[in-house]
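In case you want the letters, here they are:
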Amino acid sequence: MLSAEGLRHAFGEGGGQVVALDGVSFNLTSGQTLAIFGPNGAGKTTLLKVLAGLIRPQEGSVRVAGGRREIGWIGHESHLYEHLTVRENLLFWASLYGVPAARRGPRAALVLGRLGMSDRADQPVWSLSRGLAQRAAIAKALIHDPSVLLLDEPFTGLDLAAAAELRALLGEVRGGGAGGRVVVLATHNVDEGVELATDVAFQRRGRFVHFAPRGGRGSSEIAEAYRRVVAGKATDA
Amino acid sequence: MRELIAQAWTVARKDLVLEFRTRTALVSAVVFTALVLTVFNFGRDPTAVPTIDLAPTILWVTFTFAAMLALNRAFQLELENQALEGLLVSPLSRTSLYWGKLIANLVFVAVVEGVGLPLFVLFFDVPVGRVLVPLIGVIALATLGFVAVGTLFSALVIRTRFAELLLVVILLPFLVPPLIGAVQVTARLLGGRPLSESVGYLKLLAAYDIVFVSLASFLFRFTVDE
Amino acid sequence: MSLTQKGRWITVVALVCLAAVYVRALAFTPVERLQGPAQKIFYLHVPAAIWTEAAMILVGLAGIFYLFLKDPRLDRFAEASAEVGTVFATIVLTTGPIWGKPIWGTWWTWDARLTTTLLLFFLYVGYLLVRGAVRDPGLRARYAAVLGICGMCLVPFIHLSVFLFRTLHPQPIILKPSAPSLPSSMLATWLFSLAAFTLLYVGFVTQRYALSLVRDAHGGGSPGHA
């Protein structure tokens, strides 16, 4: 469903060059949730942008079954027009993602219902609180029922309660097993993403220094392994 | 093809809804136009040169500056709403995005010109009555050229420093040929000359439009992605 | 021999040729009847103008190839050509008035060649400003290519609009010999000068290209040149 092969990408030239991706490859199928942990500057955002097709990698390739239509993106930017209502935003994006005209309204209503925002549908986005705006952004990412979800540090700026809510929501939304979505979640905080993950990767200076199923490991084990990796020691946990 | 047009229209409609709902950009542009026309009045000596001689210049300099101001809005809107990335992640084709922005820009500038032209006629007592239709035609032709190139360049400057200033500097040389054509045709129309005398300039305007609309539409995909 | 050295040699040869052209022009070519000795600046002015335009076309062509091939060498060449084009434009814009003053009594006239070169100058400046305003080399090259292609496509429109404009207000045709065909000795000097300027273009571009190779190898350095 989502595969990357030999991704390499650098910014700048000559001596000042920053290598953001240095040979990343992996394969994911439906139902898998990959949590990528890495410090700032590890190249997580670049990797997600390459997966989404925002950046064309200098080397390597990405394959997403179904193309851009099947990708839902949640990142630092809200992708919502402040002076449009939540519903108007959803209808706009649904249209761009090729949702047939007759299905847009019902789809919007469905997604809003699922996110508990039905009563806010006709409010302009600027009037929403931060938490609600975040939920609206998720609604936008889901409006076209994508089979792949890419999340770039989605927990930034959320308090503990809101973060827990988001985790619960993501757990629901990704579905399970063969019918589930592929989710790729990038974060620098192990606690945030570890429960959701079926697979875990550590990214450091553009490379995956670890990629394995989470197994039954809990947050503290993973965090320990991650800390070792970040300190430059073990390459596998 | 149909999808291309449909998506372009979706983008354009969204832009126009936003512009008319918030109105700030539109009102500012209209007020700016009125102010420029006013300034022109004080910038001349009515006893020295008859207004009719200066009229085409006044009109076109005003429209040129108004258009350049208006062009910033297209991608500024996306940046302000943090939506540009969203547009680029979606399956929206870059060409549709260009056409959507072009259409929205054209409508926006048309509204500004729609207020500017009557004001111009009023302030400078310009007899446009009989030539109104061809005059509007020339305005449309020239504006299309300005806005086609301007939409491309406004995307190009998004990721540069001093974007608004840079846009003006790189765009103005491109506006000179259509400007020459527009001013000359306007002068002839206002002077009561037959349209046949303006054919050369009209051809210039038409050729410019065809070439630059196609070129800008094609090159857009290289400017807007990261 | 390194690229820089080759470039230097070519430039030196070109300058020697140019000097020889001038010796020939001043001592061995007949003085033009109507314009007098000041006309001799024509041998400098016209080839420089020709190369100003040619350099822009080359920038555009390099841009087209860059967009398809993505070879950074094409971008380096485009940058070099643009900078050299700016230098040549400056030569034209300074020799023009120097010539114009004694002959026509005025420092500046909007004749076809000066006007065209002035617009090209602005195009070059805009191009270099955009290069200077973008930090990432890949993005910079892409934006520069887009702007270069647009600039190249604008050149015929500049010619057309300036030509149409001029037929209205016949301006002194600066630096055209009065006879429709140049006497052979003048023609020879002129061709010799054109050849010298061609060499000068090649020499300057080679040196500038070598310079950017060095700069790029040493870590990018400042974001382009403005």
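Criteria and thresholds
- Residues numbered from 1 in each chain as written.
- Chains lettered and ligands numbered in written order.
- Predicted model: local features only at pLDDT ≥ 70, side-chain atom pairs only at ≥ 80, totals over all residues.
- Heavy atoms only, no water.
- Contact = heavy atoms within 4.5 Å.
- Buried area = accessible area lost by both parts, 1.4 Å probe.
- Salt bridge = Lys/Arg side-chain N within 4 Å of Asp/Glu carboxyl O.
- Polar contact = N/O pair within 3.5 Å; in protein donor to acceptor, adjacent residues only side chain to side chain.
- Helix = DSSP H or I, 4+ residues; strand = E, 2+ residues; numbered from the N terminus.
- Nonpolar A, V, L, I, M, F, W, Y, C, P; charged D, E, K, R; others polar.
- 1 Å grid on protein atoms, 1.4 Å probe; cavity = no way out; pocket = protein on both sides within 12 Å on 5 of 7 lines; lining within 4 Å.
- Points joined across faces, edges and corners; volume = space filled by probe spheres on them.
- Expected span 1.5 Å × (residues − 1).
- Buried < 20%, exposed > 50% of the residue type's maximum accessible area, 1.4 Å probe, protein only.
- Arc of directions from axis to C-beta.
- Pairing = 2+ DSSP bridges.
- Axes fitted to C-alpha atoms, helices over the stretch in contact; angles between N-to-C directions.
- Parallel < 35°, antiparallel > 145°, perpendicular 65-115°, else oblique.
- Left-handed = near helix turned anticlockwise from the far one by under 90°.
- pLDDT = per-residue confidence, 0-100.

Some points on the interface of chain B and chain C
As a measure of interface size, the accessible area lost when the parts come together is often cited. Between chain B and chain C, the contact holds 30 residues from the first and 28 residues from the second. Both faces considered, chain B and chain C share a buried interface measuring about 2,700 Å² in area, 82% of it formed by carbon and sulfur atoms. Counting across the interface, chain B meets chain C through zero salt bridges. Summed over the shared surface of chain B and chain C, the number is seven residue pairs in polar contact (both at pLDDT 80 or more). Ranked by residue count, the leading element in the side of chain B that touches chain C is helix H9 (residues 199-224) of chain B, at twelve residues. Tallied by class, the residues present in the side of chain B that touches chain C amount to 21 nonpolar, four polar and five charged.

Structural notes on the layout of surface pockets
Any empty space left between atoms is shown by rolling a water-sized probe over those atoms. Size it by volume and the largest pocket reaches roughly 1,400 Å³. What lines the largest pocket is a set of 43 residues, and nearest its centre among them are His9, Ile55 and Arg56 of chain A, Glu226 of chain B together with Arg142 of chain C. When residues of the lining of the largest pocket are traced back to their parent elements, those giving at least two are strand S1 (2-11), helix H1 (44-52) and strand S4 (59-64) of chain A, H9 of chain B together with helix H3 (72-104), helix H5 (137-168) and helix H6 (184-217) of chain C. Ranked by residues supplied to the lining of the largest pocket, first place goes to H5 of chain C with six residues. Considering only residue class, the lining of the largest pocket consists of 17 nonpolar, seven polar and 19 charged. Put simply, the second largest pocket is a space of about 560 Å³. Taken together, 19 residues form the lining of the second largest pocket, with Val61, Leu175, Val176, Leu179 and Ile180 of chain B sitting closest to its centre. Taken together, the elements giving at least two residues each to the lining of the second largest pocket come down to helix H3 (51-71) and helix H8 (163-190) of chain B together with helix H4 (112-133) and H5 of chain C. In terms of residues, the lining of the second largest pocket owes the most to one element, H8 of chain B, which gives seven residues. Split into classes, the residues belonging to the lining of the second largest pocket amount to 15 nonpolar, four polar and no charged.

Describing helix H7 (residues 219-230) of chain A
Residue and element names in this part refer to chain A. For H7, built from twelve residues, the straight-helix expectation of 16 Å at 1.5 Å per residue is met to within 8% by its first-to-last C-alpha distance of 16 Å. What H7 keeps buried is the set Ile222, Ala225, Tyr226 and Val229. Burial along H7 is one-sided: seen end-on, the buried residues are contained in an arc of 100°. Exposed residues pointing more than 90 degrees away from the buried face of H7 are listed as Ser220 and Arg227.

Topic: empty space enclosed by the protein
Applying the stated criterion across every chain, the model contains three cavities of 30 Å³ or more. In this structure, the largest cavity spans a volume of roughly 60 Å³. Mapped by element, the contributors of at least two residues to the lining of the largest cavity are H8 of chain B together with H4 and H5 of chain C. The class makeup of the residues in the lining of the largest cavity is seven nonpolar, three polar and no charged.

Examining the sheet that holds strand S9 (residues 207-213) of chain A
Residue and element names in this part refer to chain A. Within the open sheet, the six strands sit side by side as S5-S6-S7-S3-S8-S9. Their pairing is mixed. Among the strands making up the open sheet, the edge pair consists of strand S5 (71-74) and S9. Averaged over all adjacent pairs, the angle separating strand axes in this sheet is 15°, with direction ignored. Across five bridges, strand S6 (residues 148-152) lies against strand S7 (residues 182-187) in parallel orientation. Note on S7: the bridge partner recorded for Val148 is Val182. Sheet contacts for H1: strand S3 (33-37), S5, S6, S7, strand S8 (199-204) and S9; angle to S6, the most-contacted strand, approximately 155°. Here helix H4 (residues 130-142) sits on the sheet and contacts S5 and S6; the angle it forms with S5, its principal contact strand, is near 165°.

What about the interface of chain A and chain B?
Across the contact, 24 residues belong to chain A and 23 residues belong to chain B. If you sort the residues of chain A by the area they bury against chain B, Leu54, Tyr81 and Leu96 of chain A come out on top, with a joint share of 29%. Joining chain A to chain B, the criterion identifies three salt bridges. Between Glu3 of chain B and Arg69 of chain A there is a salt bridge, with its nearest N and O atoms 3.2 Å apart. For the interface between chain A and chain B, the tally reads 15 residue pairs in polar contact (both at pLDDT 80 or more). Mapped by element, the contributors of at least two residues to the side of chain A that touches chain B are H1 and helix H2 (86-96) of chain A. Counting residues per element, the side of chain A that touches chain B draws most heavily on H2 of chain A, at five residues. Grouping the amino acids of the side of chain A that touches chain B by side-chain chemistry returns eleven nonpolar, six polar and seven charged.

Topic: the packing of helix H2 (residues 42-69) of chain C against H6 of chain C
All names here are of chain C. Remark: H2 packs on H6, axes separated minimally by 9 Å, with the N-to-C direction vectors making an angle of 40°. In this view, H2 runs oblique relative to H6, as classed from their interaxial angle. In this structure, H2 meets H6 at a crossing whose hand is right-handed. Every residue of H6 that contacts H2 at Phe42, Tyr43, Leu44, Val46, Pro47, Ala48, Ile50, Trp51, Ala55 and Leu58 is listed here: Met186, Thr189, Trp190, Ser193, Leu194, Phe197, Thr198 and Tyr201.

Brief notes about the confidence of the model for chain C
The predicted coordinates should not be examined in detail at positions where pLDDT is low. Residues and elements named next belong to chain C. Per-residue pLDDT for chain C has a mean of 85; in total, 88% of the residues score no lower than 70. Element-level pLDDT for chain C is lowest in helix H1 (residues 3-28), with a mean of 83, against a maximum mean of 95 in H4. Under the prediction, the complex receives an ipTM of 0.94, its pTM being 0.92.

Quick notes on the side chain of Thr187 of chain A
Residues and elements named next belong to chain A. Residue placement: Thr187 occurs in strand S7. In this structure Thr187 comes out as buried when scored by relative accessible area, which is 0%. At a separation of 2.7 Å, a polar atom in the side chain of Thr187 contacts the side chain of Glu192. Contacts of Thr187, omitting those with residues within four sequence positions, involve Ile36, Phe37, Gly38, Lys44, Glu153, Glu192 and Gly193.

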